[in-house]
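Structural description and commentary
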Amino acid sequence: MIPGKSLLALLAGAAGPAAFAPLGWWPVGLLSTAILFGLWLNSARTAAAWYGFLYALGLFGVGTSWTYVSLHAFGGMPPVLAGLCVFLLVLAVSLFPAAAGFVQGVGFDKNRGRRAAVARAVLVMPGVWVAVEWLRGWLFTGFPWLTTGYAMLDTPLAGWAPVGGVYLVGGLALMTAGAWAALLLGRSRTAGAAALLTGLGWVGGWQLSAVPWTQAQGEAISVAIIQNNVPLMLKWDSGHSERIIAEYLEASARHRDADLVLWPEAAVPDYLDRLPAAFHRRLREHPADFVFGVLTRRRTDSASADGDGQWQYFNSIAVAGRRPDPGAYHKQHLVPFGEFLPIGWLFGPVVRLLDIPMSDFTAWPRPQRPLRAAGNALAASICYEDAFPQEWRAQVPDSGLLVNLSEDTWFGDSLAPHQRLQMARFRSLESGRAMLRSSNNGLSSVINWRGGIDAIAPQFVKAAVTAEVVPRTGVTPYVEHGNRLALVLAAALSVLGWLFARRAPG
């Protein structure tokens, strides 16, 4: 491996996060990937794997640096240990692009010919990259951050999101990056033709963006999202819980014209079954219905004579008010180390160094129906569950709106809250429904069914977001078929590219 090329791969990856929120410089992302693909074209498989690994070190080292804030500033982990854990995480996820670098070169001779190189850059590399990104999104509970398609949210390619989701959008973007790589390396007129061909994806996305995949249903509802910016360490201090709840009730009382009031994840820092009757009475006296984050629990065995018993704890969303159907949603995709401990015998000693409150949750094991409030069905998710669209697709056909309750205080003033908002916007675009996003410390927002932001609260302040939202009905192709189209495309690109390259003259 040539040192200069290794440095180029690392720097190209480090520039990649600029394509995502908050900067949104998407051309940088295409150029960044084009540089990597260009390095792959002139490398043997082992070298390509090395360059993919270095590229990912830069990409995730910069783009997921917020994990240090979570572990050290809010998790109480010593700086050196927090830095080590972040480094190990980055190393682990960097293995995926390394694997892509190796696989894309299987069966190819780097000196085979220009047409073969173009087919490899425009077809094989994007296909393999999409497959590896999808794998990264679910393997070992999944880590879908910095998936290529998210950077394309505000481009014409986003018109494909309701058709095939973020992986389809990413695949089309990667084909463009592959054409750029071939052009940068002077791969003849074939590269120019390939670049024009990939342009059809952009034109198609622009046309598709005008398609109303879903339809308005019923009357607009008035929404108030309460953002009280409660400090994380105060939230889990039992001495402050009554005041925190009182302040949410006080802030909500100013919005008696609302049909629906939302509070963020675990806004009520107590178990639902322990809340006093006065709390429920206050909610019933308000004209609106309430959707709020709270903790729930259930016994897993009979209580013993002294009142002890085994409990399961859940991170939940409850519905309350005058008219809603009783019900709750319980988080199904938990955050490793933050909400549950994987492989306890191995990671237990490390996690004991953390000071993370309420970190022994259980994932809800069964499918859940949408919540009902303000006369509508709501497809619910909690915090980073909105990064896993395949897991809540089942709720969408019967729902008019999406609801996500979050606690972004864990990320401080970092890239993560903006990246999370970008992912939430993609969920609205994929499903053709507005999302009501309630976050404790900022970027609470109303996202319309096209993925645009209709109203948003700034970070680190108390605020209330109000808006009129129209529920929608209908099913987009993505809601019906999920990631199947993107994965079929990835496989087809890889096979067609390989076949074309094998038949191309040397």
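The rules we used
- Residues numbered from 1 in each chain as written.
- Predicted model: local features only at pLDDT ≥ 70, side-chain atom pairs only at ≥ 80, totals over all residues.
- Heavy atoms only, no water.
- 1 Å grid on protein atoms, 1.4 Å probe; cavity = no way out; pocket = protein on both sides within 12 Å on 5 of 7 lines; lining within 4 Å.
- Points joined across faces, edges and corners; volume = space filled by probe spheres on them.
- Helix = DSSP H or I, 4+ residues; strand = E, 2+ residues; numbered from the N terminus.
- Nonpolar A, V, L, I, M, F, W, Y, C, P; charged D, E, K, R; others polar.
- Phe/Tyr/Trp six-rings, centres within 6.5 Å; stacked < 30°, edge-to-face > 60°.
- Buried < 20%, exposed > 50% of the residue type's maximum accessible area, 1.4 Å probe, protein only.
- Lys NZ or Arg CZ within 6 Å of the ring centre and 35° of its normal.
- Expected span 1.5 Å × (residues − 1).
- Pairing = 2+ DSSP bridges.

1. Here we look at empty space enclosed by the protein
Space left empty within the atom packing is revealed by a probe, the size of a water molecule, rolled over the atoms. Counted under the stated rule, the structure contains six cavities of 30 Å³ or more. Estimated volume of the largest cavity: approximately 220 Å³. What lines the largest cavity is a set of 23 residues, among which Leu59, Trp129, Glu133, Leu146 and Thr148 lie closest to the centre. Breaking the lining of the largest cavity down by element, the ones donating at least two residues are α2 (26-41), α3 (45-63), α5 (79-103) and α6 (114-136). For the lining of the largest cavity, the leading source of residues is α2, giving five residues. Split by residue class, the lining of the largest cavity holds 16 nonpolar, five polar and two charged.

2. Some details on the packing of aromatic side chains
Per the stated rule, a full pass over the model turns up 20 aromatic pairs. For the ring pair Phe314 and Trp364, a centre distance of 5.1 Å and an interplane angle of 70 degrees mean the geometry is edge-to-face. With Phe314 in strand β6 (residues 311-320) and Trp364 in the loop between α12 (344-351) and β8 (371-373), the pair connects residues that are 50 residues apart, well separated along the chain. Residues Phe314 and Trp364 agree in their burial class; the two are buried. Aromatic pair Tyr384 and Phe388: ring centres 5.2 Å apart, planes at 85 degrees, arrangement edge-to-face. According to the relative accessible area criterion, Tyr384 is buried, its value standing at 7%. Judged by relative accessible area, Phe388 falls into the buried class, the value being 1%. Pairwise contacts between aromatic rings join Trp66, Phe143, Trp145, Tyr384, Phe388 and Phe411 into one cluster. The side chain of Arg297 reaches across the aromatic face of Trp311, ending 4.5 Å from its centre.

3. Here's the deal with α2
Because each turn of an α-helix spans 3.6 residues, side chains separated by three or four positions in sequence point in the same direction. Spanning 16 residues, α2 covers 23 Å between terminal C-alpha atoms, matching the ideal 22 Å at 1.5 Å per step. The complete set of buried residues in α2 reads Gly29, Leu30, Ser32, Thr33, Ala34, Leu36, Phe37, Gly38, Leu39, Trp40 and Leu41.

4. Concerning the pairing of strand β5 (residues 289-299)
Judged by how many residues are buried, β5 sits mostly within the fold: eight of 11 residues are covered. Alignment of strand β3 (residues 260-262) against β5, held across three bridges, turns out to be parallel. Among the inter-strand pairings, Val261 is bridged to a residue of β5, identified as Phe290. Sheet analysis places strand β4 (residues 268-271) next to β5, joined by two bridges and oriented parallel.

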